[in-house]
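Coordinate analysis (summary)
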Amino acid sequence: MRVGPVGRERPAVADADGVVYDLSSLTTDIGGSFLDGGGVAAVARGLAEGTLPQWDVTGQRVGAPVAQPGKLICVGPNYRKPPPFEPPAEPALFLKAPDTVVGAYDQVLIPRGGTAVDWEIELAVVIGATARYLDTPADAKAVIAGYAISHDVSERAFQHDRGGTLDKGKCCETFNPLGPWLVTPDDLGDPADLRLRLWVDGETRQDASTGDMIFDPAHLVWYASQFMVLRPGDILNTGTPPGCAIGLPGRPYLRAGQIVELEVTGLGRQRQVIGTA
């Protein structure tokens, strides 16, 4: 995890009991070079040997767990739905601006002119090693550094009604809260058996399992590597289950002052207050 004011976050790790330790003696930040350079193993040794200083982070901001991702790759429809929905033959991929990534508890801003801001809870895969033209989905497991909660916020009117591609509805500032933690695969367990839940003002809006994915995380990493080079620190959002505002009666899009909370098994919890730009 990364803790501190925007732009001045410090690296940290939380153990199974929630005790936080300062990683400043091992690295200046948690990003691609840390993930690809043995950083996770160094942290494990520090925890085992008791050489890391404890850090009381009470009341401090928690930033996104990965600093400055190079790419933010998103997946289109990837959860099974009742008929007449037909699963796609291949994943639909698109890119989202990496600077949309903010902390798990940071404010999400409705952009100027925005009228249809929607929620999307997703499982994020964090890439830990360079991947290009992977041979099989099984090979993807070696390049996955870990997982996190991702909130892929979307402005549907910008996305669908303003012409061009999806970018205008996906790349507004604050549109991708991430974290609070990056959890390594050995700690998380089976990524295909996680419960995802999202609430708006306490009302359940999304409640599903990653077992309902059409394409699992390893398949998505393998697939994406056929079209682009995946670099350490890149993030892949794996799609959202049903329950977004665009598919609900009345389309109850987000308004300023509302509170969105998200939770995924083993990955913690997010909370954002909706504001205006």
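Residues numbered from 1 in each chain as written. Predicted model: local features only at pLDDT ≥ 70, side-chain atom pairs only at ≥ 80, totals over all residues. Heavy atoms only, no water.

We now examine the overall build of the protein. Regarding its fold elements, the protein presents seven helices and 18 strands. Computed over its C-alpha atoms, the radius of gyration of the protein comes to 18 Å, within 12% of the 19 Å expected for a compact globule of 277 residues. For the protein, the C-alpha atoms occupy an extent of roughly 55 × 45 × 30 Å along the three principal directions. Scored against the burial criterion, the 277 residues of the protein give a buried share of 53%. Excluding contacts between residues fewer than 6 apart, the proportion of contacts in the protein whose partners are at least 24 apart in sequence is 75%. (Helix = DSSP H or I, 4+ residues; strand = E, 2+ residues; numbered from the N terminus. Rg over C-alpha atoms; globule rule 2.2 N^0.38 Å. Buried < 20%, exposed > 50% of the residue type's maximum accessible area, 1.4 Å probe, protein only. Contact = heavy atoms within 4.5 Å.)

Attention now goes to the nonpolar core. In terms of nonpolar packing, the biggest core is built from 50 residues, with V221, L230, L236 and L267 touching the most fellow members. Sorting the residues of this core by element identifies β5 (72-75), β8 (108-110), β10 (121-127), β11 (144-151), α4 (156-161), β14 (195-200), α7 (217-224) and β17 (259-264) as the ones contributing at least two each. Ignoring anything within four residues of it in the chain, the contact list for V221 reads V125, I127, L134, A140, V143, I144, L230 and L236. In this structure, V13, I30, F34 and A145 belong to the second largest nonpolar core, which totals twelve residues. (Core = buried A, V, L, I, M, F, W, Y, C linked by side-chain atoms within 4.5 Å.)

Taken in spatial order, the five strands make up an open sheet running β8-β18-β17-β14-β15, and their pairing is mixed. Two strands close off the open sheet at either side, each with one partner strand: β8 and β15 (203-209). Strand-to-strand twist across the sheet, computed as the mean angle between neighbouring axes with direction ignored, equals 20°. Pairing geometry for β8 and strand β18 (residues 268-276), over three bridges, is parallel. By the bridge assignment for β18, L109 is matched with G275. (Pairing = 2+ DSSP bridges. Axes fitted to C-alpha atoms, helices over the stretch in contact; angles between N-to-C directions.)

Another aspect to go through is the environment of P53. With respect to the secondary-structure elements, P53 resides in the loop between α2 (39-49) and β4 (62-63). For P53 and S24, which are 29 residues apart along the polypeptide, the C-alpha to C-alpha distance reads 9.4 Å. Apart from residues no more than four positions distant in its own chain, P53 is found in contact with V20, Y21 and D22.

Another aspect to go through is the state of the cysteines. Counted according to the given criterion, the structure contains zero disulfides. Here C172 stays unpaired: no disulfide links it, and the sulfur of C171, its closest cysteine neighbor, is 7.6 Å away. Free cysteine: C244, not disulfide-bonded; nearest cysteine sulfur from C74 at 13 Å. (Disulfide = S-S within 2.5 Å.)

A separate point is the packing of aromatic side chains. What the rule picks out here adds up to two aromatic pairs. Measuring from centroid to centroid gives 4.9 Å for Y223 and F227, while their planes differ by 55°, and the two rings are tilted. Since its relative accessible area comes to 10%, Y223 is described here as buried. Taken together, the ring pairs connect W222, Y223 and F227 into an aromatic cluster. It is R10 that lies over the ring of W55; its NZ or CZ is 4.1 Å from the centre. (Phe/Tyr/Trp six-rings, centres within 6.5 Å; stacked < 30°, edge-to-face > 60°. Lys NZ or Arg CZ within 6 Å of the ring centre and 35° of its normal.)

Looking at where E122 falls in the secondary structure, it is placed in strand β10. For E122, which is buried and forms no salt bridge, the nearest opposite charge comes from K170, at a distance of 5.5 Å. Within polar-contact distance, the side chain of E122 engages the backbone nitrogen of T238 at 3.5 Å. One polar contact links the side chain of E122 to the main-chain amide nitrogen of G239, over a distance of 2.8 Å. Leaving out residues up to four positions away in the same chain, E122 has contacts with A148, I149, S150, D152, L196, N237, T238, G239 and T240. (Lys, Arg positive; Asp, Glu negative; His and termini not counted. Salt bridge = Lys/Arg side-chain N within 4 Å of Asp/Glu carboxyl O. Polar contact = N/O pair within 3.5 Å; in protein donor to acceptor, adjacent residues only side chain to side chain.)

What follows is about the sheet that holds strand β16 (residues 235-237). If you walk across this open sheet you meet the five strands as β6-β5-β16-β10-β11, and the pairing is mixed. Each having just a single partner strand, β6 (93-96) and β11 make up the two edges of the open sheet. Across the sheet, the axes of successive neighbouring strands diverge by a mean angle of 30°, strand direction being ignored. Taken strand by strand, α7 contacts β5, β6, β10, β11 and β16, and its axis lies near 55° from that of β10.

Each α-helix winds once per 3.6 residues, and so residues spaced three or four apart point in a common direction. All of the buried residues along α2 are G39, A42, V43 and G46. Seen along its axis, α2 keeps its buried residues to an arc of 100°; they face one direction. Where α2 is buried, its residues contact β2 (10-14) and α1 (32-36). Immediately beyond the C-terminal end of α2, within one or two residues, lies G50, with a positive phi of roughly 70°. (Arc of directions from axis to C-beta.)

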